[in-house]
Amino acid sequence: MHRIETISFTPESVSIIEQTLLPGEKKIVRLNNHLEMGDAIKRLAIRGAPAIGIAAAFGVYLGIKDSVQKDSQAFSKEISDVISYLRGTRPTAVNLFWALDVMENLIEKNKDKSPDEIKELVYQKAVEIYQDDLDRGIKIGEYGETLFKDGDNLITHCNAGGLATSGYGTALAPIFMAKSKGKKIHVYADETRPLLQGARLTAWELMEQGIEVTLIADNMAAHVMKTKKIDGIIVGADRITLNGDVANKIGTYSLAINAREHGVPFYVAAPLSTFDPQIEDGSDIPIEERDPLEVTEGFGKRTAPEGVQVFSPAFDVTPNKFIAGLITEKGIIYPPFRAKIEEFLKV
Ligand code: MRU
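Here is what the cut-offs are and how they apply
- Residues numbered from 1 in each chain as written.
- Predicted model: local features only at pLDDT ≥ 70, side-chain atom pairs only at ≥ 80, totals over all residues.
- Heavy atoms only, no water.
- Domains from an automatic or database assignment.
- Contact = heavy atoms within 4.5 Å.
- Buried area = accessible area lost by both parts, 1.4 Å probe.
- Salt bridge = Lys/Arg side-chain N within 4 Å of Asp/Glu carboxyl O.
- Pairing = 2+ DSSP bridges.
- Helix = DSSP H or I, 4+ residues; strand = E, 2+ residues; numbered from the N terminus.
- Axes fitted to C-alpha atoms, helices over the stretch in contact; angles between N-to-C directions.
- 1 Å grid on protein atoms, 1.4 Å probe; cavity = no way out; pocket = protein on both sides within 12 Å on 5 of 7 lines; lining within 4 Å.
- Points joined across faces, edges and corners; volume = space filled by probe spheres on them.
- Nonpolar A, V, L, I, M, F, W, Y, C, P; charged D, E, K, R; others polar.

Taken domain by domain, the chain consists of domain 1 (7-138) and domain 2 (146-345). When each unit is reduced to the centre of its C-alpha atoms, the spacing between domain 1 and domain 2 is 25 Å. Counting residues at the interface gives 28 residues for domain 1, matched by 35 residues for domain 2. Taken together, both faces of the contact between domain 1 and domain 2 bury some 2,600 Å²; the carbon and sulfur share is 57%. For the domain 1 face of the interface with domain 2, the top three residues by lost area are Arg 47, Thr 92 and Arg 136, together amounting to 24%. Our count for the domain 1 to domain 2 interface comes out at 2 salt bridges.

This is the structure in structure tokens:
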């Protein structure tokens, strides 16, 4: 499978693909500290749940790497400030909190070490989180591709490809893997209002990798299911609860309801770092609300009257009853989900 370098790093510098400029321009930008990384996460310059987790991990490193603090206690305080700032960047993708918890535990376990030793450990852990995510992407691709056959037509929503991860994707990984095994899959990509991750990122990624893709506006999906041969829907996730409810990009829920009506299997692909063992069901998932301007003035063009009220949730929750399977790096979880999810989450 081809890998996209969503994030690249050395101990001296961390850079990302500036996703807000795609597909027009593929620009790599260097981030110099945790504030710049946090801003990149908030602006969706780097986005997608696993990529947000990896970005946060490197954000911790960026926040401490140039510290001149020699006193361990004062250094610990600096690290906690960096971690709390990064925790406040985006609320829904649990991978962000997962990665920051991993960092916090690492620092707690090594609190007697010197600041320089801690910096080195934090860098190594960020690299490990990145590498693990690459491996998870390959495994999700391998398990997921078994669900699809040569000639299938799939629908996807938002972007859960290489750009949303360390490089291979979640929902797109099975499609990339199917291609590497000689299967021809055609994808309908929902454009994904209001920020157009489907149009700007998924269509771009699929075309770059030579996969046939047809772009549709979100409100066309039900009609496409009714009038075309659709064999499956595959999306990513920002948070999956113990009962198998799934938070993902706004519009996923209506896609799942439409899939049920048309007898199309609806799959979710996500690494286990996207599962939240603290939350029983989707009603407790915090849903990010975004700036109304993204709806009324998307990409610089005013498309609604001045002063109109706007509600702009960035995610919705799909109840588990609509989901045919959860594709993870350990295998596919089929309903009923509750006990199997707990089993999968055991280390
Ligand atoms: O707001 P975004 O672009 O970060 O939303 C991304 C999604 O909803 C993805 O589907 C999800 O994070 C899974 S990415 C592998």
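Our next topic: the sheet that holds strand 1 (residues 7-9). If you trace the 3 strands from one edge of the open sheet to the other, you get 1-2-3, paired in antiparallel fashion. Strands with a single pairing partner mark the edges of an open sheet, and in this sheet they are strand 1 and strand 3 (28-31). Neighbour to neighbour, the strand axes of the sheet diverge by 25° on average, direction disregarded. Each of strand 1, strand 2 (14-17) and strand 3 is contacted by helix 2 (residues 49-64), which is oriented at about 30° to strand 1, the strand it contacts most.

Right, let's talk about empty space enclosed by the protein for a bit. Here the structure, examined in full by the defined rule, presents 5 cavities of 30 Å³ or more. Around the largest cavity, the lining comprises 20 residues; the ones closest to its centre are Arg 47, Gly 48, Ala 49, Asn 159 and Asp 238. Mapped onto the lining of the largest cavity, the elements with two or more residues apiece are helix 2 and strand 9 (246-249). Residue composition of the lining of the largest cavity, grouped by class: 8 nonpolar, 8 polar and 4 charged. Here the lining of the largest cavity spans two domains, since at least three of its residues come from each of domain 1 (7-138) and domain 2 (146-345). Volume-wise, the second largest cavity comes out at about 70 Å³. The residue makeup of the lining of the second largest cavity, split by class, is 6 nonpolar, 2 polar and 5 charged.

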